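Residue strings, one per chain:
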Amino acid sequence: MLLRTTPESVGISSSAISRFIDSLAELDSVHSFMLLRHGKVAAELWNAPYRPDVPHELFSLSKSFTSAAIGFARQEGKLQLDDRIAEFFPEKLPEDPDPRFLRMTVRHLLTMSSGHDRCALCYMINRHEPDFVKSFFRSPLVYEPGSRFVYNSGATYMLSAIIRRLTGENLTEYLRPRLFAPLGFGEREWEKDPQGTELGGWGFRLTTEEIARFAQLLLDGGRWAGRQILPADYLELATSFQIDNSMNTQPDWQVGYGFQFWRCRHNAYRGDGAFGQYALVMPDQDAALAVTSGMRNMQSVLDRVWEILLPAMQDAPLPEAAVEQQALRAKIAGAAFPVLPGPGRETRWETVEFEPNTIGAETLQLESTASDCRLILRRNGAEEILEAGFGRRIDNHTRFGCSCLRRMAASAAWRDDETLEVLAHLYETPYRLRFLLRRENGVLTLERNANLLFFGLEEWPLLCGRLSRA
């Protein structure tokens, strides 16, 4: 359990953290953060419906945990950084492989310098080949391995495949006794490929505090509770400048890359994932920050850290500031994304059949009362139900609006007598969905808009259907 303390006791003013929270609110996309200094939690916040006990999708922050697995395997003598990856999978190679694959090493995968000119994952998935390792060895190479940084989730997948090949265990099974159990992580699952290999580069979920514990472990050189957990020599390599990435455009994506970790300005480094999932380590300030988000401009969070938090970190404790601390506690307690307003009204809409569409939507029924509403969508022969409250959120576990089961909290509002709006936060993910149902001249339209589109959330067409009764 991480210890909690006041911001002032670790040299940060409560008013500075309040300004940081206000600046994040302008982005309308930060779900949670946990700020640690000198090994203690100085501030933590979740914007409802996001909450401390629910794991959040990490996307490529998963890569840093895959890197840790390589560090353990190296310490245990199972591999070396300059081992050639083709030697792990001789039966997976094509008959006449590109000779550059025969020169590719574990180090090249770790530093995103495999020789590809784009992410190999796209090739691996688009081949519709269930064996991703075979597909990787058939993907086109452009550069000599080790010569150029190109961000590549396919390379990280190969690191996961190597761990499984060498140990007989997937990442979560291998990391459980070495990393997850010592840090007190809950039972967590990693998404798998068709062969059952965990994906490595994405597909992992953790709570914000679990991310923070990992960041604190990194800050402490791999030590936890007085014991060396991560190999210190590997961690030093993994979080140091290993390859140039100055061809990128954003400032904190230009200052070097390690072994599945990004270097940052201000001598900091981080693991990060799409849309702003961060384990940020600031050694010069003896500070760490865990963040979950759902934003397109990931640089915007880091800019606010450098502009507001860093200057506020003082070497010595500050006088306790009761008034400012109380204001900060109130701000944190009330943190929430907006809920659509009530009241509701009694009505019922039903469609006989949607026009043919690409998502298999067949019929929709709406039931609305003064307090809540219920949408029943029949899609591909199965019912998908979404419930939403007027002026409040209702929790759901449903496929509604998604390609798989998701937990979502939804509120609703009548824009006018013929238009219903529903807002759903998928609070294990960065995604937020807005549904608009409109009734006009006996025709019902259903429009779904998403704040982001990525893995597991396909685009929806506008759905149209004729009402049988109203």
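Residues numbered from 1 in each chain as written. Predicted model: local features only at pLDDT ≥ 70, side-chain atom pairs only at ≥ 80, totals over all residues. Heavy atoms only, no water.

### Side note on the overall build of the protein chain
Per the secondary structure count, the protein chain includes 12 helices and 21 strands. For 470 residues, the compact-globule formula gives about 23 Å, and the C-alpha radius of gyration of the protein chain, at 24 Å, lands near that figure. Projected onto its principal axes, the C-alpha positions of the protein chain cover 70 × 70 × 40 Å. Across the protein chain, the fraction of contacts at a sequence separation of at least 24, relative to all contacts at a separation of at least 6, is 59%. Accessible area for the protein chain stands at about 18,700 Å²; split by element, carbon and sulfur atoms hold 49% of it. Here the protein chain contributes 53 positive and 61 negative side-chain charges, whose respective centroids are spaced 1 Å apart. (Helix = DSSP H or I, 4+ residues; strand = E, 2+ residues; numbered from the N terminus. Rg over C-alpha atoms; globule rule 2.2 N^0.38 Å. Contact = heavy atoms within 4.5 Å. Areas by Shrake-Rupley, 256 points an atom, 1.4 Å probe, with all protein chains shown as cover. Lys, Arg positive; Asp, Glu negative; His and termini not counted. Charge placed at Lys NZ, Arg CZ, Asp CG, Glu CD.)

### Description of the state of the cysteines
Throughout the structure, instances matching the rule amount to 0 disulfides. Cysteine C119 remains unbridged, with the sulfur of C122 as its closest cysteine sulfur at 5.2 Å. (Disulfide = S-S within 2.5 Å.)

### Topic: the nonpolar core
Grouped together as the largest cluster of nonpolar side chains are 73 residues, with contacts concentrated most on F65, I85, F136, L179 and F214. Beyond its immediate stretch of four places on either side in the chain, F65 contacts L58, L175, L179, F180, F185, W190, F204, L206 and F214. Residues I17, A268, M282 and W306 belong to the second largest nonpolar core, which totals 40 residues. (Core = buried A, V, L, I, M, F, W, Y, C linked by side-chain atoms within 4.5 Å. Buried < 20%, exposed > 50% of the residue type's maximum accessible area, 1.4 Å probe, protein only.)

### Observations regarding the pairing of strand 14 (residues 372–379)
A regular strand carries its side chains on alternate faces of the sheet. Across 7 bridges, strand 13 (residues 361–368) lies against strand 14 in antiparallel orientation. What sits directly across from S368, in strand 14, is C373. Bridge analysis of strand 14 against strand 15 (residues 382–389) gives 8 bridges, and the strand direction is antiparallel. Residue pairing in the sheet places R378 in a bridge with E383 of strand 15. Connecting strand 14 to the antiparallel partner strand 15 that follows it, the hairpin turn spans 2 residues, and N380 within it adopts a positive phi of roughly 50°. (Pairing = 2+ DSSP bridges.)

### Here we look at the sheet that holds strand 3 (residues 40–46)
Strands belonging to one sheet form pairs held by backbone hydrogen bonds; the direction of such a pair is parallel or antiparallel. Pairing within the open sheet is mixed, and its 7 strands lie in the order 1-3-2-11-10-9-8. Bordering the open sheet on either side are strand 1 (3–4) and strand 8 (262–263), each of which pairs with just one other strand. Taken together, the 2 bridges between strand 8 and strand 9 (residues 269–273) define a ladder with antiparallel strand orientation. Looking at strand 9, one finds that W262 is bridged to R270.

### Structural notes on the pattern of salt bridges
Tallying each qualifying case throughout the model produces 37 salt bridges. Across the salt bridge formed by R74 and D233, the nearest N and O atoms sit 3.4 Å from each other. On the criterion of sequence distance, the pair formed by R74 in helix 2 (residues 62–75) and D233 in helix 10 (residues 232–238) is long-range, its members being 159 residues apart. We classify D233 as partly exposed; its relative accessible area is 48%. Residues R415 and E421 are paired through a salt bridge, measuring 3.2 Å at the closest nitrogen-oxygen approach. (Salt bridge = Lys/Arg side-chain N within 4 Å of Asp/Glu carboxyl O.)

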